[in-house]
Amino acid sequence: MKVIVVGCHGQMGQPICRFVDEREGLELVGGVGPAGRDYIGRDLGQVAGLGRDLGIPVVDDLATIIDECDVLIDVSSVEQCLQTLDLAVAYKKALVTASTGFTPEQFERFEAAGTHIPLIFKCNTSKMVNVMLGLVEMAAKALVDECDIEIIDQHDRDKLDAPSGTAVIIGNMIAQLKGTTLDELAEYGRSGHGARKPGGVGFHSLRAGDITSDHKVYFGGFGDPLEITHYSYSDDCFARGAVDCAQFLKDKPAGVYNIKEVFELL
């Protein structure tokens, strides 16, 4: 299965390239970066930190190499990922994206693309995070009307969206259990004077240094609070999961696939 990584020089792109290169049954055939970067034209093996040449130059135009792959893994910006989506549909290539920060209208474009190509999107690609989400769902079903719920996400200083995509997934899960919408429940940070919004869900986003990605869901009971937390110490867990997703899509028909299917958590 031949793989192109879009965003190959980034924080996620480099370990994804490494895992593709190491994984039996996968072949790294291309890397894409933004126009104007000094590594465009350099060998992908060096750009991705593999320590050896692969004989594959990094390009800034996916359309020039997309025919060479079976699946695309995109961990770039929102703007680039939407371009990748359009090309994937046009060339009938499977797509995995772990990028976040999309609007609801942009997510609709991914849903529509599922009638043409197999794809996985709108998910955290760490297996441990998805196990955590299952635990949060179990706890929320039992406690959603008894506890004050707060969601804390911590990421590095350069992360653009807040709250994180994973925090939003958790918030939407809780809203659905309450029979309402996240817009009705969410409180983003707090200031001023006043009591907590009854039944609301609090979001707090920390952005500092090189924090990789941590999420905590706090169920504020009375006398016995519950905390469910996932810590990541490197991006390897997300990169490995993204590669698992790509491998899962091999020979799959068009459709939007759930990350739980990849990790057999259904």
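Residues numbered from 1 in each chain as written. Predicted model: local features only at pLDDT ≥ 70, side-chain atom pairs only at ≥ 80, totals over all residues. Heavy atoms only, no water.

Our focus in this paragraph is the packing of aromatic side chains. Scanning the entire structure with this criterion turns up 6 aromatic pairs. With a centroid separation of 5.1 Å and 70 degrees between ring planes, the pair formed by Phe-102 and Phe-110 is classed as edge-to-face. Each of the two residues, Phe-102 as well as Phe-110, counts as buried. Seen in terms of ring centroids, Phe-110 and Phe-121 are 5.0 Å apart; in terms of plane orientation they differ by 15 degrees. Their pairing is stacked. One end of the pair, Phe-110, is in helix α4 (residues 104-113); the other, Phe-121, is in the loop between β5 (118-120) and α5 (127-143), with 11 residues separating them in the sequence. Under the relative-accessibility criterion, Phe-121 is labelled buried at 6%. Its guanidinium or amino end placed over the ring of Phe-107, Lys-122 lies 4.8 Å from that ring's centre, counting from NZ or CZ. One residue, Lys-252, lies across the ring of Phe-248, its end atom 4.2 Å from the ring centre. (Phe/Tyr/Trp six-rings, centres within 6.5 Å; stacked < 30°, edge-to-face > 60°. Buried < 20%, exposed > 50% of the residue type's maximum accessible area, 1.4 Å probe, protein only. Helix = DSSP H or I, 4+ residues; strand = E, 2+ residues; numbered from the N terminus. Lys NZ or Arg CZ within 6 Å of the ring centre and 35° of its normal.)

Let us look at the sheet that holds strand β7 (residues 186-188). Strand order in the open sheet formed by 5 strands is β7-β8-β6-β9-β10, with mixed pairing between adjacent strands. Every interior strand has two partners, whereas the edge strands, β7 and β10 (226-232), have only one. Neighbour-to-neighbour, the strand axes of the sheet open up by a mean angle of 15 degrees, direction not taken into account. Sheet topology note: the strand β6 (residues 148-155)/strand β8 (residues 201-207) ladder contains 7 bridges and is parallel. Residue Glu-150 lies in a different strand from β8, and its bridge partner there is Gly-202. (Pairing = 2+ DSSP bridges. Axes fitted to C-alpha atoms, helices over the stretch in contact; angles between N-to-C directions.)

Viewed as axis vectors pointing N to C, helix α3 (residues 78-91) and α4 meet at an angle of 20 degrees, and their least axial separation amounts to 11 Å. Classified by the interaxial angle, the pair formed by α3 and α4 is roughly parallel. Crossing geometry of α3 relative to α4 is assigned as left-handed. Contacts between α3 and α4 pair Val-78, Cys-81, Leu-82, Leu-85, Asp-86 and Val-89 from the former with Gln-106, Arg-109, Phe-110 and Ala-113 from the latter. (Parallel < 35°, antiparallel > 145°, perpendicular 65-115°, else oblique. Left-handed = near helix turned anticlockwise from the far one by under 90°. Contact = heavy atoms within 4.5 Å.)

Time to look at the pattern of salt bridges. Counting across every chain of the model gives 14 salt bridges. Here Lys-178 makes a salt bridge to Asp-145, at a shortest N to O gap of 3.9 Å. Of this pair, Lys-178 sits in helix α6 (residues 165-178) while Asp-145 sits in the loop between α5 and β6, and the two are 33 residues apart along the sequence. Looking at Lys-178, the relative accessible area reads 26%, which means it is partly exposed. For Asp-145, a relative accessible area of 69% puts it in the exposed group. Across the pair Glu-150 and Arg-190 runs a salt bridge, and its minimum N-O distance is 3.0 Å. Separated by 40 residues along the polypeptide, Glu-150 in strand β6 and Arg-190 in the loop between β7 and β8 bring together distant segments of the chain. Take Glu-150: its relative accessible area is 13%, and that puts it in the buried class. The class of Arg-190 is partly exposed, set by a relative accessible area of 42%. A single salt-bridge network, built from bridges that share partners, covers Asp-148, Glu-150, Glu-187, Arg-190 and Arg-196. (Salt bridge = Lys/Arg side-chain N within 4 Å of Asp/Glu carboxyl O.)

Taken by themselves, the reported measurements are silent on function.
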